[in-house]
Amino acid sequence: MARLDLKHIQKQFDQVTALSELSLEVASGELVSLLGPSGCGKTTALRIVAGFEQPTAGELLVDGNDVIGVPASKRNMGMVFQAYSLFPNMTAKQNVEFGLRMRKVARDKTRKRADELLEMVGLATRSARYPHELSGGQQQRVALARALAIEPAILLLDEPLSALDAKVRVELRQEIRRVQTELGITTLYVTHDQEEALSISDRIAVMSEGNLEQIGAPADIYRSPRTEFVANFVGLMNGFEGLMHADDVVAVGKSGRPMHVTQDHGHASGEKVLVLIRPESIDLEELRDGVAPPEGVFEGEVLMHTFLGSVTRVALASDLGDLVADVPSIRALTMPPETRVGVHVEAAGIRLLPR
Amino acid sequence: MGVPSTRTAQMAAMTTVGDDKPKKVRKRHKMRFWTYFWLIMAALYFLVPLYSTLQFSLETGQHAYGFKWYLQIFRDPMFRTTFLFSLRLAVETVIIGLALMVPTVYWVHLRLPRVRPVMDLISILPFVVPPVALVVGLSGVFNLMPWLLANSQILAFIYVILALPFTYRSLDAGMRAINVKTLTEAAQSVGAPGWKTLLFVILPNMRTAMLGAAFLTLAIVMGEYTISSLLLFNTFAVYIYYIGNTEAQPAAALAIISFALTWGTMMCLFFLAKTRGRASSGPTAAVGR
């Protein structure tokens, strides 16, 4: 277990800035995900930590020791790659043993450790198979075992599940989290998949264009995004223009209808804000013809349904503007397109960002 | 009214379908005939001269056949000397070529992918510059350092240039077939230094490409005549040329022996390619499972 500190790391590729002053701390035994769209610099950051890229500026500390300039082979960091990276000329077991052989660990210890790790990733019966005889998911499990065999100070995972199908992805991410928790290994995990990051991380660092937008626990990132980018990238968000009326009242959308806010936001009256509402914070109820919506409830009309299984995503045109709401699929049946509905927004589900 | 017209249409359709079938069959038979025709023609084009040479090489008298000329060739000490000399040169060329090109191609793939077009261009230069021009160019070097010509090993170094297109192409294709960058980084991440990565991870996965390069080099060196004759070295190709100019039937026997050697090399390549195809089908099939 080791502590990892990235301090003001910069990386420039010719004229392109891949990372601008990235600072990040990963505590011992913690799993931090770098989450962001393609080209945001997350993989570059991981490759700098691994030693495959050199930063233009900044410090990289492992347990307080600067490791910049230390070759990748001497950093003691295990890495699982996005592409299948098992050595084709070796069996699953030989792949796992490889790192230990390089370190000249005694043969019987090497074998024992490889057996243990293959057992841990559920591939003990397939240890004699060559990579091309294994499925994609099995190959990534072996790659994980290989990375763990050397008892690395830090485990680095570069989108290890992106080449796998959805079901295997879910299984394997749970497996990775289980193994990581079991071994208590400090882990940096790169992904563009928000669901993956939300489900396995202790903390998530959301990145955009080489900058760290926000870092925090998955629930905080989801519930309290600090920037518009984070709000839009993590989960689905309805966004409206708003104007503060009072500490706890904001006028929303074109109609300027007031909404109560419980967030401790610090915006002064008369300030323009961005009002953010998650689809699951919106409740819909059918309105009878000629009946006005009750106080605090907006009026809307159902435009479209998207069935997602247990919930249905309902697109609406409302007093607030166009929005989407997630409602239980059973209830959505009673609100087909063109139904007039009342739109109730939970005050606790409203987030305000400065405009 | 409607029913009969439908029936007529159905019958018409059936008739059309019925007419189409034999037409298609006839067309298929016709295509098959021409396929076999051209195949046989191509085979005859190659096999008739070969058969004639074989027959001529086996003829020991009027309507008498035997291996007399073959035995004469095998008994000729020059055959053994020149063959072994060329074989030694071929092995040396293979070793020097691979020792030079494997790390180069690996490094280009790993660190300098932008240099690949330049490498492609350099690798085809031996095709553009004829061997005679190469010898003329080298004569300048030999004038400065005449002692170089005293050692026959110099030929191996020249042959490395001659075999460069084949060596480079084969190794380049081999490197492309494996994910060099990821494999190297994976090896380094678990503690393998550069040379161990090359030795234990890259080279074993390049076995087929290296064997391919080796066999092609072998075939080139065994048949190279221009450079060796101009530099006055007695290689196997020079011996074949000499026999061809002096004795007709042993020359035919030698041509068949030479053909068998080349054919043997080709067959080795063919079986290696088959093995490679089987091995490479694995990872591709696994993707997405």
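Since we're looking at a predicted model, the values are computed, not measured.

A. Looking closely at the interface of chain B and chain A. Facing the 26 residues of chain B at the interface are 33 residues of chain A. In total, chain B and chain A occlude about 2300 Å² of area from one another, counting both sides; carbon and sulfur atoms represent 60% of this. Seen at the junction of chain B and chain A, the total is 2 salt bridges. A salt bridge links R114(B) to D14(A), with the shortest nitrogen-to-oxygen separation between them at 3.9 Å. In this assembly, chain B and chain A are joined by 3 residue pairs in polar contact (both at pLDDT 80 or more). Every element with two or more residues in the side of chain B that touches chain A is listed here: α7 (180–189), α8 (194–205) and α12 (248–286) of chain B. It is α7(B) that contributes the most residues to the side of chain B that touches chain A, 8 residues altogether.

B. Here's a closer look at the environment of G99(A). One can find G99(A) in helix α2 (residues 92–102). Between the C-alpha atoms of G99(A) and A149(A), which are 50 residues apart in sequence, the distance is 7.0 Å. Residue contacts for G99(A): discarding those within four places in its chain leaves I150(A) and V190(B).

C. Up close: the nonpolar core. Core analysis: the largest hydrophobic core is formed by 64 residues, its most contacted members being L4(A), F98(A), L156(A), L188(A) and I202(B). In terms of residue count, the dominant contributor to this core is helix α3 (residues 77–110) of chain B (8 residues). Sequence-distant contacts of L188(A), defined by excluding residues within four places in its chain, comprise L4(A), L24(A), V26(A), V32(A), L34(A), L46(A), V49(A), L155(A), L156(A) and L157(A). Formed by 32 residues, the second largest nonpolar core is a distinct cluster that contains L117(A), L134(A), A143(A) and L148(A).

D. Representation of helix α4 (residues 136–149) of chain A within the structure. With 14 residues, α4(A) should cover 20 Å at 1.5 Å per step; its first-to-last C-alpha distance of 20 Å lies within 8% of that length. When you tally the buried positions in α4(A), you get 14 out of 14 residues, the bulk of the element.

E. View of the domain arrangement of chain B. Residue and element names in this part refer to chain B. When its domains are assigned, chain B resolves into domain 1 (2–64) and domain 2 (69–288). On the domain 2 side, the residues contacting the 8 residues of domain 1 number 9 residues. Each partner contributes to the roughly 700 Å² buried at the junction of domain 1 and domain 2, and carbon and sulfur atoms together form 75% of this total. Of all residues in domain 1, L50, F56 and S57 give up the largest surface area on contact with domain 2, accounting jointly for 61% of the area buried on that side. Along the contact surface separating domain 1 from domain 2 lie 0 salt bridges. If you look at where domain 1 meets domain 2, you find 4 residue pairs in polar contact (both at pLDDT 80 or more). When residues of the side of domain 1 that touches domain 2 are traced back to their parent elements, those giving at least two are α1 (2–58) and β1 (59–61). No other element matches the 6 residues that α1 contributes to the side of domain 1 that touches domain 2. Within the side of domain 1 that touches domain 2, the residues separate by chemical class into 4 nonpolar, 3 polar and 1 charged.

F. Structural detail: the side chain of T167(B). By secondary structure assignment, the location of T167(B) is in helix α6 (residues 154–177). Apart from residues lying up to four places away in sequence, T167(B) is in contact with G97(B), L98(B), M101(B), A213(B) and T217(B).

G. Structural detail: the sheet that holds strand β10 (residues 211–216) of chain A. All names here are of chain A. With respect to topology, 6 strands assemble into an open sheet ordered β6-β7-β8-β3-β9-β10, the strand pairing being mixed. With one partner strand each, in any of the chains shown, β6 (77–80) and β10 form the two edges of the open sheet. Across the sheet, the axes of successive neighbouring strands diverge by a mean angle of 20°, strand direction being ignored. By the bridge criterion, 5 bridges tie strand β7 (residues 154–158) to strand β8 (residues 186–191) in an arrangement that is parallel. Note on β8: the bridge partner recorded for L156 is L188.

H. View of the sheet that holds strand β2 (residues 16–26) of chain A. All names here are of chain A. Read from one edge of the open sheet, 4 strands run β2-β1-β4-β5, paired in antiparallel fashion. Each edge of the open sheet is held by one strand with a lone partner, namely β2 and β5 (65–66). Looking at chain direction, strand β4 (residues 57–62) and β5 are connected through 2 bridges and run antiparallel. Pairing of V62 across the sheet is with N65, part of β5. The strands touched by helix α1 (residues 42–50) within the sheet are β1 (4–13), β2 and β4, with β1 carrying the most contacts at an inclination of about 115°.

I. Main features of the pairing of strand β11 (residues 238–246) of chain A. Residues and elements named next belong to chain A. Pairing of β11 with strand β14 (residues 272–277), which is carried by 6 bridges, proceeds in the antiparallel orientation. The partner of G242 across the bridge, within β14, is V273. Across 4 bridges, the pairing between β11 and strand β12 (residues 249–252) is antiparallel. Within β12, the position partnered with G242 by the bridge is V252. Linking β11 back to β12 in an antiparallel pair, the connection comprises 2 residues.

Conventions we followed
Residues numbered from 1 in each chain as written. Chains lettered and ligands numbered in written order. Predicted model: local features only at pLDDT ≥ 70, side-chain atom pairs only at ≥ 80, totals over all residues. Heavy atoms only, no water. Contact = heavy atoms within 4.5 Å. Buried area = accessible area lost by both parts, 1.4 Å probe. Salt bridge = Lys/Arg side-chain N within 4 Å of Asp/Glu carboxyl O. Polar contact = N/O pair within 3.5 Å; in protein donor to acceptor, adjacent residues only side chain to side chain. Helix = DSSP H or I, 4+ residues; strand = E, 2+ residues; numbered from the N terminus. Core = buried A, V, L, I, M, F, W, Y, C linked by side-chain atoms within 4.5 Å. Buried < 20%, exposed > 50% of the residue type's maximum accessible area, 1.4 Å probe, protein only. Expected span 1.5 Å × (residues − 1). Domains from an automatic or database assignment. Nonpolar A, V, L, I, M, F, W, Y, C, P; charged D, E, K, R; others polar. Pairing = 2+ DSSP bridges. Axes fitted to C-alpha atoms, helices over the stretch in contact; angles between N-to-C directions.

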